[in-house]
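Structural description and commentary
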Amino acid sequence: MHVAIVGNGVTGVTAATRIRQKQPTWKISLISGESTHHYSRPALMYIFMGHMMYRHTKPFEDAFWEEQRLELIRDWVTGIDTPGKRLMLYKRQSLAYDRLLIATGSKPNRIGCVAEHLAGVQGLYGLPDLQTLYENVKHTRRAVITGGGLIGIELAEMLHGRGIEVTLLIKESSYWNRILPPEESAMVSRIIEEQGIRLIGNTRLREILDNGSGRVGGVLTDAGERIDCDFVGTTIGVSPNIDLLRNTSIETGRGVLVDDSFRTSVTDVFAAGDCAEIVNRNGRPNLIQQVWYTGKLQGEVAGSVIAGEERTYAPGIWYNSAKFFDLEYQVYGQVNLGLPGEKNLYWEHPGGRASVRIVYTDEGVIGFNFMGARGRHRICERWIVEQRPLSYVLEHLDQAEFDPEFAQRVAPAVRRMAKEQAA
Amino acid sequence: MNVPSSPLIDPQTIGYVFDEEHTNYEEPPGPSGHPTHPVAKICAAFAAVGALVLTVQLAAPDLAGSWVGFLAGFGLIVAGTSGYFWFCYKDTVPGIKHDRIMFSSTMHQGIIGWALGLFLTGFYMLLYWYPEYLERAIRLVDPLALALAGQPADQWFFYGFLYTLAIVTFGVRMFMKYRHSRYHTIRTSSVMFFQLGLAFLLPQFLRKIGEPEFYFSYFWPLKYDYLFPGTVSYLLDTPGTLGSFMVGWGAAATFVITPVLTYFFGKRWYCSWVCGCGGLAETLGDPWRHLTPKSTASWRIERAIIYTVLVVITATTVVLWLNTYETSAWLDKIAEPMREWYGFYIGALFSGVIGVGFYPVLGTRVWCRLGCPMAAILGILQRFFSRFRITTNGGQCMSCGNCTTYCEMGIDVRAYAERGENIVRASCVGCGVCAAVCPRGVLKLESGKTHKDRYPGSDRPLGALRTALKGVGICGDKDGYV
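Residues numbered from 1 in each chain as written. Chains lettered and ligands numbered in written order. Predicted model: local features only at pLDDT ≥ 70, side-chain atom pairs only at ≥ 80, totals over all residues.

1. What to know about the overall build of chain A
In terms of regular secondary structure, chain A is built from 10 helices and 25 strands. In summary, chain A has a C-alpha radius of gyration of 23 Å against a globular reference of 22 Å for 423 residues, a match within 12%. In terms of overall dimensions, chain A has C-alpha extents of about 70 × 60 × 45 Å along its principal axes. The buried share among the 423 residues of chain A stands at 51%. Long-range contacts, defined as pairs at least 24 residues apart, comprise 60% of the intrachain contacts of chain A with a sequence gap of at least 6. (Helix = DSSP H or I, 4+ residues; strand = E, 2+ residues; numbered from the N terminus. Rg over C-alpha atoms; globule rule 2.2 N^0.38 Å. Buried ≥ 20, exposed ≤ 12 C-beta atoms within 10 Å, placed from the backbone. Contact = placed C-beta atoms within 7 Å.)

2. Brief notes about the overall build of chain B
Per the secondary structure count, chain B includes 20 helices and two strands. By the compact-globule yardstick of 23 Å for 482 residues, chain B fits well, its C-alpha radius of gyration being 24 Å. Dimensions along the principal axes, computed over C-alpha positions, put chain B at roughly 85 × 60 × 40 Å. By residue count, 46% of the 482 residues in chain B fall in the buried class. Put simply, 69% of the contacts in chain B that link residues at least 6 apart link residues at least 24 apart.

3. Examining the interface of chain A and chain B
In this assembly, 68 residues from chain A lie in contact with 59 residues from chain B. When residues of the side of chain A that touches chain B are traced back to their parent elements, those giving at least two are α2 (44–49), β8 (106–108), β9 (121–122), α4 (127–137), α7 (292–306), β21 (319–324), β22 (327–333) and α8 (377–385) of chain A. Among the elements that line the side of chain A that touches chain B, the one with the most residues is α4 of chain A, at eight residues. Partitioned by chemical class, the residues of the side of chain A that touches chain B number 29 nonpolar, 22 polar and 17 charged. (Nonpolar A, V, L, I, M, F, W, Y, C, P; charged D, E, K, R; others polar.)

4. Observations concerning the packing of helix α6 (residues 155–177) of chain B against helix α11 (residues 276–283) of chain B
Residues and elements named next belong to chain B. Where α6 meets α11, the axes come as close as 8 Å, and the angle between the chain directions of the two elements is 45°. With respect to α11, the element α6 is oriented oblique. For the pair α6 and α11, the sense of crossing is left-handed. Of the residues in α11, those touching α6 at Tyr163, Ala166, Ile167, Phe170, Gly171 and Met174 are Gly279, Leu280 and Thr283. Its residues assigned to classes, the contact of α6 with α11 shows six nonpolar, three polar and no charged. (Axes fitted to C-alpha atoms, helices over the stretch in contact; angles between N-to-C directions. Parallel < 35°, antiparallel > 145°, perpendicular 65-115°, else oblique. Left-handed = near helix turned anticlockwise from the far one by under 90°.)

5. With respect to the domain arrangement of chain A
All names here are of chain A. Domain parsing of chain A yields domain 1 (2–107 + 239–306), domain 2 (114–236) and domain 3 (319–422). Using only C-alpha atoms to locate each centre, domain 2 and domain 3 end up separated by 31 Å. At the interface, 13 residues of domain 2 touch 13 residues of domain 3. Of all elements in the fold, only α5 (150–160) and α6 (182–194) reach the threshold of two or more residues within the side of domain 2 that touches domain 3. Broken down by element, the residue count for the side of domain 2 that touches domain 3 peaks at six residues, all from α6. Of the residues that constitute the side of domain 2 that touches domain 3, the class distribution is eight nonpolar, one polar and four charged. (Domains from an automatic or database assignment.)

6. Side note on the sheet that holds strand β13 (residues 205–210) of chain A
All names here are of chain A. Across the sheet, which stays open at both edges, the three strands sit in the order β13-β14-β15 with antiparallel pairing between neighbours. The open sheet terminates on both sides in strands that have one partner only, identified here as β13 and β15 (226–228). For this sheet the average axis-to-axis angle between neighbouring strands, irrespective of direction, equals 25°. Here β13 runs beside strand β14 (residues 216–221); their pairing, made up of five bridges, is antiparallel. Looking across to β14, one finds that Asp210 is bridged to Val216. (Pairing = 2+ DSSP bridges.)

7. Regarding unusual backbone geometry
Residues Trp220 of chain B and Pro221 of chain B are joined by a peptide bond in cis, for which omega reads 5°. Mapped onto the fold, Pro221 of chain B is located in the loop between α7 (182–208) and α8 (229–237). Positive phi values are uncommon outside glycine, yet Phe262 of chain A reaches one of about 70°. In this fold, Phe262 of chain A is placed in the loop between β18 (256–258) and β19 (269–271). For Phe262 of chain A, a count of 30 C-beta atoms within 10 Å translates into the label buried. One non-glycine residue, Arg100 of chain B, lies in the positive phi region at around 70°. Take Arg100 of chain B: there are 18 C-beta atoms within 10 Å of it, and that puts it in the partly exposed class.

8. Some points on the pairing of strand β5 (residues 86–89) of chain A
Residues and elements named next belong to chain A. Here strand β4 (residues 77–81) runs beside β5; their pairing, made up of four bridges, is antiparallel. If you follow Gly79 over to β5, its bridge partner there is Met88. Two elements, β5 and strand β6 (residues 94–96), share three bridges in a ladder whose sense is antiparallel. What sits directly across from Met88, in β6, is Ser94. Hairpin connection from β5 to β6: four residues lie between these consecutive antiparallel strands.

9. A word on the confidence of the model for chain B
Residues and elements named next belong to chain B. Across chain B, pLDDT averages 92, with 94% of residues at or above 70. Long-range and interchain partners of residues 1–9, a stretch whose pLDDT sits below 50, account for 31 contacts in this model, where long-range means more than four residues apart. For the stretch residues 473–482, pLDDT sits under 50, and the model shows 21 contacts to residues farther than four places along the chain or on other chains. (pLDDT = per-residue confidence, 0-100.)

10. Comments concerning the pairing of strand β11 (residues 165–169) of chain A
Residues and elements named next belong to chain A. With four of five residues buried, β11 lies mostly within the body of the structure. Pairing analysis gives five bridges linking strand β10 (residues 142–146) to β11, with the strands arranged parallel. The residue bridging Ala143 from the neighbouring strand is Val166, located in β11. Looking at chain direction, β11 and strand β12 (residues 198–200) are connected through three bridges and run parallel. Across the sheet, Thr167 pairs through a bridge with Arg198, a residue of β12. A crossover connection joins β11 to the parallel β12 through α6; in handedness this β-α-β unit is right-handed. (Right-handed = clockwise from strand over helix to strand, strands pointing away.)

11. Some words on the nonpolar core
Of all hydrophobic cores here, the largest spans 231 residues; its most connected members are Ile5, Leu101, Ile102, Phe262 and Phe270 of chain A together with Cys434 of chain B. No other element matches helix α16 (residues 373–384) of chain B, which puts eight residues into this core. Discounting chain neighbours no more than four positions away, the residues touching Phe262 of chain A are Phe270, Ala271, Ala272, Ala276, Gln298, Val301, Ala302, Val305 and Tyr313 of chain A. (Core = buried A, V, L, I, M, F, W, Y, C linked by C-beta atoms within 7 Å.)

12. Some points on the domain arrangement of chain B
Under the domain assignment, chain B is made up of domain 1 (34–93), domain 2 (289–370) and domain 3 (383–480). Averaged C-alpha coordinates put domain 1 of chain B and domain 3 of chain B at centres separated by 42 Å.

13. Comments concerning helix α3 (residues 111–129) of chain B
Residues and elements named next belong to chain B. Here α3 contains 19 residues, and its C-alpha end-to-end distance of 27 Å stays within 8% of the 27 Å for a straight helix at 1.5 Å per residue. Within α3, burial applies to Gly113, Leu116, Tyr124 and Leu127. Down the axis, α3 shows its buried residues gathered within 70° of arc, on one side only. Exposed residues on α3 whose side chains face more than 90 degrees from its buried face are Ile111, Phe119 and Gly122. Where α3 is buried, its residues touch α6, α13 (329–354) and α14 (359–362). (Expected span 1.5 Å × (residues − 1). Arc of directions from axis to C-beta.)

14. With respect to the packing of helix α12 (residues 296–325) of chain B against α16 of chain B
Residues and elements named next belong to chain B. Where α12 meets α16, the closest approach of the two axes is 8 Å, and the angle between their N-to-C directions is 105°. Compared by their axis directions, α12 and α16 come out roughly perpendicular. Across the interface between the two elements, Ile306, Tyr307, Val309, Leu310 and Ile313 from α12 touch Pro373, Ala375, Ala376 and Ile377 from α16.

15. Points about the environment of Val49 of chain B
Residues and elements named next belong to chain B. By secondary structure assignment, the location of Val49 is in helix α1 (residues 38–59). Among the residues examined, Val49 registers 15 C-beta atoms within 10 Å and is labelled partly exposed. Val49 sits 390 residues away from Pro439 along the chain, and the two C-alpha atoms are 40 Å apart.

16. Points about the sheet that holds β4 of chain A
Residue and element names in this part refer to chain A. With respect to topology, three strands assemble into an open sheet ordered β4-β5-β6, the strand pairing being antiparallel. Here the strands that pair on one side only, and so sit at the sheet edges, are β4 and β6. Averaged over all neighbouring strand pairs, the angle between strand axes comes to 20°, with direction disregarded.

Okay, structure coming up:
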């Protein structure tokens, strides 16, 4: 049995190790054109900033692949012959498989303007972008970044750290407020501006201007403002990377359509991670998840299914985290969704650099949001599953703290505030 | 680097050529970030003037030995260096400050790093084996030695003085660099206090009042001669009760205080809060913490060496004691050579010349990682008989590698964190930097309510120890670790 996995990101690699655990004798191949070894994509920014070398971002020692008998193929897949069960490769002829996992991840969204291919315009997704960035910063004194998500602020931090003047254009009124509740969004916006980065809300990029020699010279916003710059970062989100499947019989929607065991419409072909669109049969919208953690969880389930175990994907309580400059962020459960009956208890440190939000309904707690403070995953998750009432959560909030020893305690402050509000 | 035609990655970017394994990832071209604070530059100039003042006194020994010369030299260096660090970090937002470390010649094995390594190694060689060449330098600290100890400086006073200066000035750097984290500021205060008070001022004061020079913060087997029969009888023979107290303290520290505190707090109570060697590594050594090798192979080497040193010092101590009771020609023949061998090869060459001299090349804590027998004992206690663990926060790890990169003890922290496992490793000194650098808040150093819930099998520590000793542990891989 030969399992071919297209993509060596977290999903592909998690699936590969899972299959190896279950099937010691199968042949497993990991194919990637981007890098020989699996690396941690979220760590790209640290390579550029000089916190780490590329080798530090590889979660496994190089000897691991041979020990686990996982064959690494450095090549691009150019097509899939599903009836013949073969992959077309760019450098090699082709590769026969018995089972196939498509784990090609995402690709950055394009802004769709003519000048997008000017030198100095780029996104930040993989190693090629890092390579381009090294070239582009040579010429960069002022940068404009469009897109108010996690990659946008990462790119802002990277450029700002080089002493480059950065302007961040976001279409929302304050940073990432589709995801962050208003107070937290305001806190991050404040942090961005404190760094000396210009944050312009309610604004989209209308046009990228040529400086006359094929490089970026500036941008025009939809408010009519012209901003001179030598670099434009386009970080307006990602979409499933499914170009590879264009001429195949594998069904696609926005992503590769799969059931909740990651089977596609074609037998023995599976898809998981960012590129997969899980079809929901209960009339709810299909599920596309594009964060590291879901990639890992999906890879684990897909790997088990490919290895012959019957499993279905149950993502469980949502969680995520990020860091905005020096401000850490963690979320557990449902926050900022405006659900019926939703109530919020929000505490913010007077210094404006830490906050805790507890979201609850009459049935119990449904979500936690931590800024500048750390929450304990297992505890928050358990309380949400057990639908603990707010009073219980407040009483035991110390258990949910995950800040380092001697750090300023948040639980007593939250309790005190809750008591004052009740009085 | 080679630039692909399209910056966006999709299957069309097939022309993409990049040897990511062999690229140097040097400093990106273009602007180089934020300029140094002007006052920091002035402070650096002050430190340089201080160094010049000392150089003049070295060249003209008649000028050396005065308070004026001492203060103008060392005072300016300490104030200048501390001020430099202070102002470098002053206007930055508190948080992790690791920008450009990998591009730095000083911090990332560049020419300056290698030169510093050679300088430190050379200094230790002179100190241990050719102190006569340091004679003029030693005279520079006479005023302080006379004031503190009532006698002129010798090479060990000189060394202790420089050591303390390094911990204090680089301690200021730690305060500023980690000022967002109270764990680090309190821990740094602790190592500064123990070095300055218990490992410098107190022993010198004891000399002044005619008592034995005793270091209350160092114990056997790190301070190996404290349980040697020669030292014990010397202390017991000292007039007054203080000598006997010192013997009692030394024995209690090794056999009672160490296991009890390690059970409750882990190895860190000593290694990164009290110990002078740890203190130097946590302050002066901090700029090189990421250089520590993290491979399974280096871990294997570390274990082989550190436990050998432990066996050797234990054997030496036992032989020396046997030799005081038994008079056999055979023991007579080996006891003294063993003591001398250990003192030369381990006490001087390993712990000093290599153990500190190689910081800028092999990463900080070379001695603590590879050689210290005290660390070996604390490590076994921590691994099997302690409540201490680094807890992994559920599934939040995204494998970025900051924790592993900045672990000064060479632990592949990420390997545990990404699997959601607690980190329970013999070598962990509990410095807390992994938890601080984690951008996702995944790690927390803590002592649980019990030792039983740390890893599968930790409810039966003796069983776990037995399994480890059977061979898998000390020589095995990540799943049968010590």
